[in-house]
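# Geometric and topological summary
Each chain, letter by letter, is given below.
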Amino acid sequence: QREVTRLVTGRSELPESFSPGGATLAVTRTTFVVPNERGRAPNTAEVWAMRPDGSDARRLAHRSSDPAFSPDGRRIAVASDRDENGELSYGDRVFFANELYVMDADGSNRRRLTRTKDLNELQPSWLPSGTRIAYQRGKAFDNAEGTVLAQMNADGTCARPLLADPRLDTWYAAPAWRPGEARTDNNAVRC
């Protein structure tokens, strides 16, 4: 066991996804900021990429989190509130809703995949074939966030529920596909 990044007071770093082959690690780096009197604080989450030993660290995206490398390693799916497409209020805190984006593995060519005002989309997970992405979708529910799982084609088309309780008595979160699973639905879905 060894330290990959140095400890910085008020900052968290979450390892999220390795590129195929393990040469690059994508990390969500967040710095704590005290919310203002209205319960809002700026989104400080950033997606960083680095070698597994922490060297060659570079920022790929600001106001972004939950990076997930595509199975071929050429793209990364992320969650971001950069377009400020709706707000979610959880009692004493107010956040902009996250949408899902995909970008090239170097952080360039970012494309928005979802457009769902006032819903919070996080935790993208690529189907092993790379044709679809499963993700967590949440909405304000009392002072919490009720969540369901959804999926869409890798280009953002044909979004549909995967696991969802319409009454939100049961919440589903953090989807993950089983690697190498031989399935008949590995292709993009037609709308």
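Data block above holds the structure.
For clarity, every value in this text was computed on a predicted model and none was experimentally measured. (Residues numbered from 1 in each chain as written. Predicted model: local features only at pLDDT ≥ 70, side-chain atom pairs only at ≥ 80, totals over all residues. Heavy atoms only, no water.)

## Let's talk about the state of the cysteines
- Counting across every chain of the model gives one disulfide.
- A sulfur-sulfur distance of 1.7 Å marks the disulfide that ties Cys158 to Cys191. With the S-S bond torsion at -115°, the cross-link from Cys158 to Cys191 turns out left-handed. Of this pair, Cys158 sits in the loop between strand S13 (144-153) and strand S14 (160-163) while Cys191 sits in the segment after S14, and the two are 33 residues apart along the sequence.
- We classify Cys191 as exposed; its relative accessible area is 80%. (Disulfide = S-S within 2.5 Å. Helix = DSSP H or I, 4+ residues; strand = E, 2+ residues; numbered from the N terminus. Buried < 20%, exposed > 50% of the residue type's maximum accessible area, 1.4 Å probe, protein only.)

## Structural notes on the pairing of S13
- In terms of residue burial, S13 counts as a mostly covered element, since nine of its ten residues are buried.
- A loop of two residues connects strand S12 (residues 132-141) with S13, the two strands running antiparallel in sequence, and Asp142 in this loop sits at a positive phi of about 55°.
- The turn joining S13 and S14, which pair antiparallel and follow one another in sequence, is formed by six residues; a positive phi near 95° is taken by Gly156. (Pairing = 2+ DSSP bridges.)

## Description of the nonpolar core
- In this structure, Leu100, Leu113, Trp126, Ile133, Tyr135 and Met152 are the most contacted members of the largest nonpolar core, which totals 13 residues.
- Counting residues per element, the ones that place at least two in this core are strand S6 (75-80), strand S9 (99-104), strand S11 (120-126), S12 and S13.
- Trp126 has contacts with Ala68, Phe69, Ser70, Pro71, Arg75, Ala77, Val102, Arg132, Ile133, Ala154 and Trp177, leaving out every residue within four places of it along the chain.
- By size, the runner-up hydrophobic cluster in this structure holds ten residues, among which are Ala26, Ala49, Ala61 and Tyr101. (Core = buried A, V, L, I, M, F, W, Y, C linked by side-chain atoms within 4.5 Å. Contact = heavy atoms within 4.5 Å.)

## Looking at the pattern of salt bridges
- Taken as a whole and assessed by the stated rule, the structure comprises 13 salt bridges.
- A salt bridge links Arg74 to Asp72; its shortest N-O distance comes to 3.5 Å.
- A relative accessible area of 59% places Arg74 in the exposed class.
- Through salt bridges with shared partners, a single network forms among Arg11, Glu13 and Arg29. (Salt bridge = Lys/Arg side-chain N within 4 Å of Asp/Glu carboxyl O.)

It is worth stressing that arrangement in space is one thing and function is another; only the former is reported here.
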